[in-house]
Structures are given as structure tokens and as C-alpha cells.
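So you can see what is in the structure, the chains are spelled out below.
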Amino acid sequence: MELTVQDVSGYDGVPEDATISGWITAALESKDVSITVRIVDDTEMAELNQQYRHKSGATNVLSFPFENPPGVETDILGDIVICAPVVDLEAKEQGKNLLSHWAHMVVHGILHLRGFDHETDEQAAEMERLETDILTSLGFPAPYAVA
């Protein structure tokens, strides 16, 4: 796997690149891919959320799957963007361990790059099951368990 981590958040609590890489590896089917993880602040995430989802305000994670042009082969899977301040705030509000929530956001983003979604109840159930399986295999608690 080729991983690029761009941390432009200015936030001190961002996990190490090697830690992020381990979480991504656990969520991938194929290791022969290229991924960029961009860690941002509220302002950049709000701009991206508005531009691509037409929703105001910052969100925790956005995924941008790469679509190969016809006839072009590449190993690029896509990009995920994570908003450090939102992840921190959510962990506090939900009473979750910060590192555990970071892992969840990385795994969630990678599953979106792999084509999983949560638009329907059935899709959400499948994605949540996969997230839970991956995160518990990494030693984290089930992300959707009620505290």
C-alpha cells in the first residue's frame, strides 16, 4: 500500500502515520492500492462538505473514491479527508476513547472507498457489521455499542 498522510489541521491529537496505516491495512481487501488521507480543520472540512455534499458545516470524514478513466489502469483507490476537531468533539460528546474514534473514522472512510455505503437500512447494517468486525479485530470496542 502506498499511503500519503497530509496533516494540515494544526491539531496535536492526530495519530501517527504508521498507526493510520495499520488501520487502513485492516480495512482493505487488496494491499496494492494508493490512498491519501488528509487531516483538516473545521474550515476546510466545511468548504469540502458544502462543495461536494451541499451540506453546511464540518463533518467527521469524507471519502473520494478514484474513478479510473476508461482504458487507464491505476492503483489509486482514492482519498479520505478527516476533520480533527470534529473527531475530537465527537469522541468527547459520545464518551469514546479518542484513538478508538480515530480508528473508526479511518475504517469508515476506507470502506466508503471500497464501495460500501449507508444510504439504506440494509447498506447501513452491512457497513456497521464490517466496521465492528475490523475495529474489534484491532482491539477496539464495537463502535456502535451503546455506552
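Residues numbered from 1 in each chain as written. Predicted model: local features only at pLDDT ≥ 70, side-chain atom pairs only at ≥ 80, totals over all residues. Heavy atoms only, no water.

A.B. asks: Mind laying out the pairing of strand E1 (residues 2-7), listing which residues take part and the relevant values?
C.D. replies: With six bridges joining them, E1 and strand E2 (residues 34-40) adopt parallel strand pairing. Residue pairing in the sheet places Leu3 in a bridge with Ile35 of E2. Between E1 and its parallel partner E2, the chain crosses via helix H1 (residues 17-27), and the hand of that crossover is left-handed. (Pairing = 2+ DSSP bridges. Helix = DSSP H or I, 4+ residues; strand = E, 2+ residues; numbered from the N terminus. Right-handed = clockwise from strand over helix to strand, strands pointing away.)

A.B. asks: Lay out the side chain of Glu90 with the relevant residues and their values.
C.D. replies: Residue position: Glu90 is located in helix H3 (residues 84-93). No salt bridge is formed by the buried Glu90; the nearest opposite charge belongs to Lys96, separated by 7.4 Å. Of the polar contacts made by the side chain of Glu90, one reaches the side chain of His101; its length is 2.8 Å. Excluding anything up to four places from it in sequence, Glu90 contacts Asn60, His101 and Met105. (Buried < 20%, exposed > 50% of the residue type's maximum accessible area, 1.4 Å probe, protein only. Lys, Arg positive; Asp, Glu negative; His and termini not counted. Salt bridge = Lys/Arg side-chain N within 4 Å of Asp/Glu carboxyl O. Polar contact = N/O pair within 3.5 Å; in protein donor to acceptor, adjacent residues only side chain to side chain. Contact = heavy atoms within 4.5 Å.)

A.B. asks: Can you explain the nonpolar core? Please cite residues and give values.
C.D. replies: By size, the foremost hydrophobic cluster in this structure holds 29 residues, and its most contacted members are Ile24, Ile35, Val37, Ile82, Trp102 and Ile110. Breaking this core down by element, the ones donating at least two residues are H1, E2, strand E4 (76-83), H3, helix H4 (98-113) and helix H5 (121-137). For this core, the leading source of residues is H4, giving eight residues. What Ile82 contacts, discounting residues up to four positions off in sequence, is Val37, Arg38, Ile39, Val40, Met45, Asn60, Val61, Val87, Trp102 and Val106. Of all hydrophobic cores here, the second largest spans seven residues; its members include Met45, Leu48, Val81 and Cys83. (Core = buried A, V, L, I, M, F, W, Y, C linked by side-chain atoms within 4.5 Å.)

A.B. asks: Would you mind going over the packing of H3 against H4 in detail, with residue names and values included?
C.D. replies: Two numbers describe how H3 lies on H4: the axes approach to 9 Å, and their chain directions differ by 125°. Comparing the axis directions of H3 and H4 gives the class oblique. H4 is crossed by H3, and the crossing has right-handed handedness. Note on element contacts: H4 touches H3 through Leu98, His101, Trp102 and Met105, opposite Ala84, Val87, Asp88, Glu90 and Ala91. Looking at the contact of H3 with H4, its residues break down into six nonpolar, one polar and two charged. (Axes fitted to C-alpha atoms, helices over the stretch in contact; angles between N-to-C directions. Parallel < 35°, antiparallel > 145°, perpendicular 65-115°, else oblique. Left-handed = near helix turned anticlockwise from the far one by under 90°. Nonpolar A, V, L, I, M, F, W, Y, C, P; charged D, E, K, R; others polar.)

A.B. asks: Summarise the packing of H1 against H4; cite the residues concerned and give the values.
C.D. replies: Axis angle and axis distance: for two packed helices, these are the angle between their axes and the distance between the axes, and together they describe the pair. Look at H1 against H4: their axes get within 9 Å of each other, and the N-to-C directions meet at 45°. With respect to each other, H1 and H4 are oriented oblique. Like other packed secondary-structure pairs, H1 and H4 cross with a definite hand, here right-handed. Here H1 contributes Ile20, Trp23, Ile24 and Ala27 to the contact with H4, which in turn contributes Leu99, Trp102, Ala103, Val106, Val107, Ile110 and Leu111.

A.B. asks: Account for the sheet that holds E2, with residues named and values stated.
C.D. replies: Spatial ordering of the open sheet is given by E1-E2-E4-E3, a layout of four strands whose pairing is mixed. Each having just a single partner strand, E1 and strand E3 (61-65) make up the two edges of the open sheet. Within this sheet the neighbouring strands show an average axis-to-axis angle of 15°, counted without direction. Each of E1 and E2 touches H1; the most contacted strand, E1, lies at about 130° to it. In this fold helix H2 (residues 42-53) packs onto E2, E3 and E4, with an angle of close to 50° to the strand it touches most, E3.

A.B. asks: Could you give me a rundown of the side chain of His112, with the residues and numbers involved?
C.D. replies: Within the element layout of this structure, His112 appears in helix H4. Classification of His112 by relative accessible area gives buried; the value is 18%. Among the polar contacts listed, one links the side chain of His112 to the backbone oxygen of Phe116, at a separation of 2.9 Å. Sequence-distant contacts of His112, defined by excluding residues within four places in its chain, comprise Ser63, Pro65, Asp117, His118 and Met127.

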